[in-house]
Amino acid sequence: MSIYLPIAEMAVPIIGMLAILIVVTATIVFLGSSGSILLPSLLYLFGMPAAVGVATCNVLVTAAALPGLIMYMRRGNIDRGLAMYLLMGGIVGVGASTLLVSWLNTIGQYHLFFAVTTSAVLLIAAFVAIGGHLAARSGKAQSVTRWKGTICERIPLRLYFPTAMVYLNPLLPIGIGILSGLLMATTGTSAEVLLVPVVAYCFAAPINVSIGTTLLVITGIGSVTVMFQHASGQTVDPVLFALLVVGVAAGTAIGARLSNIQISLRARLVLLALILLLVALRSVYGLLALPGELYSLRETI
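Residues numbered from 1 in each chain as written. Predicted model: local features only at pLDDT ≥ 70, side-chain atom pairs only at ≥ 80, totals over all residues. Heavy atoms only, no water.

Peer 1: I'd like a description of the environment of Ile 218, backed by residues and values.
Peer 2: Inspection of the secondary structure assignment puts Ile 218 in helix H9 (residues 207–233). Residue Ile 218 is classed as buried on the basis of its relative accessible area, which comes to 2%. Through-space distance from the C-alpha of Ile 218 to that of Ala 65 is 7.0 Å; in sequence the pair is 153 residues apart. (Helix = DSSP H or I, 4+ residues; strand = E, 2+ residues; numbered from the N terminus. Buried < 20%, exposed > 50% of the residue type's maximum accessible area, 1.4 Å probe, protein only.)

Shown next, in the form of structure tokens:
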């Protein structure tokens, strides 16, 4: 049984789509990562227009961040000052990326840009996972410390962020926010991939504050991104969003239950790196392989 996606202008099998979403999300959650890093690439590999996949995934990421944001807000684990500067940069990044995507769509190169960018993000994430595996194997995983007192805290004209307990130049979070906005608006990848490591290790904030502040920033950047993308191209597909919600919710619940299985950190990192590498290499192959039809009259979104 198939269902028609009105914005993507294509039909997909309901059972097959849900099965793939559940399996992929459960596996990624079981391995300790977020399924949002793979969803845009998988949708693109299934033939979904890149703009539709990115916009719809951004709606899902924003909605999924809200429950966690409320919980961390009640616990007081959010630095509103740091989040404000990150949001300022994120909004600038979203605006710049919207103009970039519009220009790329005009010249018909957004699909190429999306494929190259997502492949690079997946390859970097895979190499980071491999690095974590090597560190755990050599016994150095426990010796990793935050970069407190190094470059980030030596830049002049610093402000004090009380909840995060750090002194930072406001240009640093603004710059990181711009990169997060660009990443989220052009590839649909959740900004947590960049924000949590940077805030926790580069800015030396407590991990709970890093996660809570990141959730607030993701909610803000995601909301602005969805508004910009829907206003500029009306690329949010409600039917696809409903499928993603059902598949990702079920996969997350299954992955959380599977996480009780005893498996070493090294094995989890290796499996995660393999999955990311497979998807990235499939995307690279799609870029290099000769298409079946050299010319197409299909209008790109």
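More follows now that the structure is in view.
Peer 1: So what's going on with the nonpolar core? Which residues, and what values?
Peer 2: Residues Leu 82, Leu 86, Phe 161, Ala 164 and Phe 203 are the most contacted members of the largest nonpolar core, which totals 31 residues. Looking at which element gives the most residues to this core, the answer is H9, with six residues. Residues contacting Phe 161, with those up to four places away along its chain left out, are Asp 79, Gly 81, Leu 82, Tyr 85, Val 166 and Leu 168. (Core = buried A, V, L, I, M, F, W, Y, C linked by side-chain atoms within 4.5 Å. Contact = heavy atoms within 4.5 Å.)

Peer 1: Could you give an account of a nonpolar patch on the surface, with specific residues and numbers?
Peer 2: On the surface, a nonpolar cluster with roughly 370 Å² of combined accessible area is contributed by Leu 112, Val 116, Leu 287 and Leu 288. Within the residue set of the nonpolar patch, elements represented by two or more residues are helix H5 (110–138) and helix H11 (265–288). Among the residues examined, Leu 112 registers a relative accessible area of 45% and is labelled partly exposed. (Patch = residues over 30% accessible without salt bridge, like charges linked within 9 Å, V, L, I, M, F, W, Y side chains within 5 Å. Areas by Shrake-Rupley, 256 points an atom, 1.4 Å probe, with all protein chains shown as cover. Salt bridge = Lys/Arg side-chain N within 4 Å of Asp/Glu carboxyl O.)

Peer 1: Describe the packing of aromatic side chains, naming the residues involved and giving the relevant values.
Peer 2: Summed over the entire model, instances satisfying the criterion amount to four aromatic pairs. Considering the side-chain rings of Tyr 85 and Phe 161, the 6.0 Å spacing of their centres and the 85° angle between planes classify their relative orientation as edge-to-face. Here the residue Tyr 85 occupies a position in helix H4 (residues 80–107), and Phe 161 occupies one in strand E3 (residues 159–161), the gap between them amounting to 76 residues. You'll find Tyr 85 and Phe 161 in the same group, each marked buried. (Phe/Tyr/Trp six-rings, centres within 6.5 Å; stacked < 30°, edge-to-face > 60°.)

Peer 1: Help me get a handle on the confidence of the model for the chain, residues and values and all.
Peer 2: Low pLDDT means the predicted atomic positions in that stretch should not be read closely. In the predicted model, the chain carries a mean pLDDT of 77, and 80% of its residues have values of at least 70. Within the chain, the lowest mean pLDDT, 60, falls on helix H6 (residues 151–154), and the highest, 88, falls on H4. Note that residues 141–149 has pLDDT below 50 and, in this model, 16 contacts with residues that lie over four places away or in other chains. (pLDDT = per-residue confidence, 0-100.)

Peer 1: Tell me about helix H8 (residues 192–202), residues and numbers included.
Peer 2: Among the residues making up H8, those that are buried are Leu 195, Val 198, Val 199, Ala 200 and Cys 202. Ala 204 lies just past H8 and shows a positive phi near 65°.

Peer 1: An account of the pairing of strand E2 (residues 10–13) is needed here, citing residue identities and associated values.
Peer 2: The side-chain alternation of E2 yields one buried face, formed by Met 10 and Val 12, and one unburied face, formed by Ala 11 and Pro 13. In the sheet, strand E1 (residues 2–5) pairs with E2 via four bridges, with the strands oriented antiparallel. Along E2, the bridge assignment pairs Ser 2 with Pro 13. Hairpin connection from E1 to E2: four residues lie between these consecutive antiparallel strands, with Glu 9 at a positive phi of about 60°. (Pairing = 2+ DSSP bridges.)

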